Each structure stands twice: as C-alpha cells, then as structure tokens.
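# Structure at a glance
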Amino acid sequence: MQALTLGHFKITPVRAGSYWWDGGSMFGVVPKTLWSKSEPGDEMNRIEAGFNCYVVDTDAQRILIETGGGVRHDERARERMRLPDPPPLTEVLARHGFDPESIDVVINTHLHWDHCGGNTVDEGAHVRAALPRARYVTQRGELEHAREQHPRDAVSYRAVNYEPLIESGSMHLLDGDGEVAPGVEVRVMPGHTRDMMVVLVRSGGETWCHLADLVAFAAQVTPTWVTAFDLFPLETIASKTQLLGQAAVEHWWCSFGHDPRVSFAKIEVAEGKWRIGQNRA
Ligand SMILES: [Zn+2]
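Residues numbered from 1 in each chain as written. Predicted model: local features only at pLDDT ≥ 70, side-chain atom pairs only at ≥ 80, totals over all residues. Heavy atoms only, no water.

### Things to note about the coordination of the zinc ion
Stated precisely, the cut-off is as follows: Sites may look incomplete because water is not among the atoms; the donors themselves are N, O and S atoms within 2.8 Å of the metal, or within 3.2 Å for Na, K and Ca. Geometry is assigned from the angles between donors: four donors with all angles from 85 to 135 degrees make a tetrahedral site, four or six donors whose opposite pairs exceed 155 degrees while the rest stay between 65 and 115 make square planar or octahedral sites respectively, and everything else is labelled irregular. For helices the rule is a DSSP run of H or I covering at least 4 residues; for strands it is a run of E covering at least 2, with both sets numbered from the N terminus onward.
Protein coordination at the zinc ion: the donors are D114 (OD), H115 (NE2), D213 (OD) and H258 (NE2), at 2.1 to 2.2 Å from the metal. For the zinc ion, the four donor atoms in the first shell make angles of 83 to 161° at the metal, so the coordination geometry reads as irregular. Here the donor residues of the zinc ion share one chain and are spaced in sequence as D-H-x97-D-x44-H. Note that D114 is positioned in helix α5 (residues 113–116) and H258 in the loop between β14 (253–255) and β15 (264–270), a separation of 144 residues in sequence.

Below you can see the structure in the form of structure tokens.
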C-alpha cells in the first residue's frame, strides 16, 4: 500500500490486519448474487474486512485515524473471525516507521470495537493509552450511545477501548463538526450510528475523505448498498448521496472503513449511477 501525497500532506494507509465477517450482514438487503461479484465469500459466507487505519502527516502534526480491532479477543471470537493472531497496533505502526510517541491526535470516527480496539493497551491490571502523547477525539453523542448499551448493538461497544481514556483526560469529546488540526476536519454523517464522523483532509487545493463505515467497502458506493448494522439506513442513504455527490464533483480521493484491497479511490457518477473511478491499492 502506497502513501498518498495530498498537497503538502502525506496520507499513509495502515491496515491493522483484517477479519472475516458474514457477507450478508455487510451488504444488508443487497442479494448475494450482486455483492459476491466484488467480495467473494469463503465456505462460511464470510468476506474479508480490513481494519483500515490512516496516518495523516500535515505540516505540523501527525494524526492517526482509527486504531483497528485490537488484540483482546477470546479463542471463539478469533476462530469466528479468522483472526488467529491479531498484531498489536503499535507493532503495525512500527512496521510503517511510525513511533507511537509521534502520534499527536487519534480520531475515532465512532466507538465500535473494530475502530477503536487499539486505543488502549494492558499493562498488568492497568490499562493505558496505546498512543501515549495523543489527544484522542470522538463525538460526545457516540460515547453516550456506547454507554447506553442498547441491546441492538451493545456487543459493538467495549468500555476498555474508551473509558480509561475518558478517565485519564486523554479523550476529548466533540459536539458536532469541527477542525481537529489545521486542514483536518471531522463531520458528523449519521446513518451507521447517529454520530459517526467522516474525516476531511484538505491541502494545496486537494481533498481526501475517510468515509469510515458510511461506505465500508468500495462496492458500497451505490447509496442504497447499506450494511445491515446501520441503525438509521435511510439516513445512511441521504448522507452518502450528499457526500459522494460532492466527492464526485470535486474529485476527492476517498477511503473506506473496511475494504481489504482499495486504499484510495475517486468516485464517479455517470448516467445516474455511482461507481469507483481511479483507485489505488
Ligand atoms: Zn466498522
């Protein structure tokens, strides 16, 4: 996977491993005959999903977007997800030449385990920040929903990934859209959860957007291709239509929460149909 130069910034894709999850749940009401053309399943109907993280080097700061699924999985979960030996995030970062101490800001687009599982590490009985110098940011509404532990999605929220950071003061809660560093903006795009954010990075007249789970796979660029996990599917369609429309017109580079192959892609709209244009592994 190659880094992308965006104006004066550099964006490095860092895949913190991948897991295998039921293809039907990833594509909601879309029939398998359609989605399996781009995401072929294994013998148990599971498709590969990357833990897609990105490091943004701006002029002044180093920002990590997402921290992957972490290593805290019991034997059964590891087997279910074909995740025998997940690498610790710090090891993955080191492989790309990034010192954990060098990360200034961590953005969790939302608090599902597969986006913030590498936020913290265990040191004996103590849990500490995996990126020790970083200011972590997420939405206040997302944390409130996580704490609600609603039966529908409580399983996606694990307190160990965020509560220790709230307690230590490392995690900052945003109330809506905002700029987390010069040139790096987060925007709430409801659908997957009520408060999930996308990340917009702009430099030298170019834009890159990390769509996270608003568009988890490149194949979901069609606005109605929505995962079964989404709490508000109609809002997902509205959010996608709005954002991807802008992405197409303004020739943004885009990235997806879990696509196992595509790191960066441009979006095209032709004859009312949405599709992936120029793209890179
Ligand atoms: Zn996800």
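Now that the structure is up, let's keep going.
### Here we look at the pairing of strand β3 (residues 46–57)
Selection criterion: Only protein chains enter the calculation, and the probe is 1.4 Å; a residue is then buried if its accessible area is under 20% of its type maximum, exposed if over 50%, and partly exposed in between. A pair of strands is treated as paired once DSSP finds two or more bridges between them.
With respect to burial, β3 is a largely interior element, 11 of its 12 residues being buried. Pairing between strand β2 (residues 9–22) and β3: 11 bridges, direction antiparallel. When the bridges of β3 are listed, Y19 appears paired with A49. Two elements, β3 and strand β4 (residues 62–65), share four bridges in a ladder whose sense is antiparallel. Bridged to D57 within β4 is R62. What sits between the antiparallel neighbours β3 and β4 is a turn of four residues.

### Points about the nonpolar core
Put simply, the rule reads: Residues belong to a common nonpolar core when they are buried Ala, Val, Leu, Ile, Met, Phe, Trp, Tyr or Cys residues joined through side-chain atoms within 4.5 Å. In this description, contact between two residues means that some pair of their heavy atoms is separated by no more than 4.5 Å.
F27, L64, L131 and Y136 are the most contacted members of the largest nonpolar core, which has 40 residues in total. Elements supplying a minimum of two residues to this core: β2, α1 (23–27), β3, α4 (89–95), α5 and α6 (140–148). At five residues, the largest contribution of residues to this core is made by β3. Among all residues touching F27, those that are not within four sequence positions of it are W35, E39, I47, F217, A219, Q220, W225, V226 and T227. Membership of the second largest hydrophobic core comes to 23 residues, among which are L4, V105, I107 and W253.

### Description of the packing of aromatic side chains
So the rule is basically this: Pairs were defined over the aromatic rings of Phe, Tyr and Trp, the Trp ring being its six-membered one, requiring ring centres within 6.5 Å. Orientation was assigned from the angle between planes: stacked under 30 degrees, edge-to-face over 60, tilted for the rest.
A full pass over the atoms with the stated rule returns 11 aromatic pairs. On the numbers, 6.0 Å between centres and 70° between planes, the contact of Y19 with W21 is edge-to-face. When its relative accessible area of 3% is taken as the criterion, Y19 is described as buried. Classification of W21 as partly exposed rests on a relative accessible area of 24%.

### Looking at unusual backbone geometry
With a phi angle near 70°, E66 is a residue other than glycine that sits in the positive phi range. Relative to the helices and strands, E66 is located in the loop between β4 and α3 (75–80).

### A look at the side chain of H110
Heads up, the rule is: Polar contacts here mean pairs of N or O atoms no more than 3.5 Å apart (in protein, one a potential hydrogen donor and the other a potential acceptor; neighbouring residues in sequence count only if both atoms are side-chain atoms).
Summarising the element assignment, H110 is placed in the loop between β5 (105–107) and α5. On the basis of relative accessible area, H110 is assigned to the buried category, the value being 0%. At a separation of 2.9 Å, a polar atom in the side chain of H110 contacts the side chain of T109. Those residues in contact with H110 that lie beyond four places of it in its chain are H115, T138, E142, H192, T193, M196 and D213.

### A short note on the environment of K37
As for its position among the elements, K37 is in the loop between α2 (32–35) and β3. Placed 182 residues apart in sequence, K37 and A219 show a C-alpha to C-alpha distance of 9.5 Å.

### Remarks on the environment of P88
Considering the arrangement of structural elements, one finds P88 in the loop between α3 and α4. Accessibility expressed as a relative area gives 32% for P88, which makes it partly exposed. Sequence-wise, P88 and G17 are 71 residues apart; in three dimensions their C-alpha atoms are separated by 9.4 Å.

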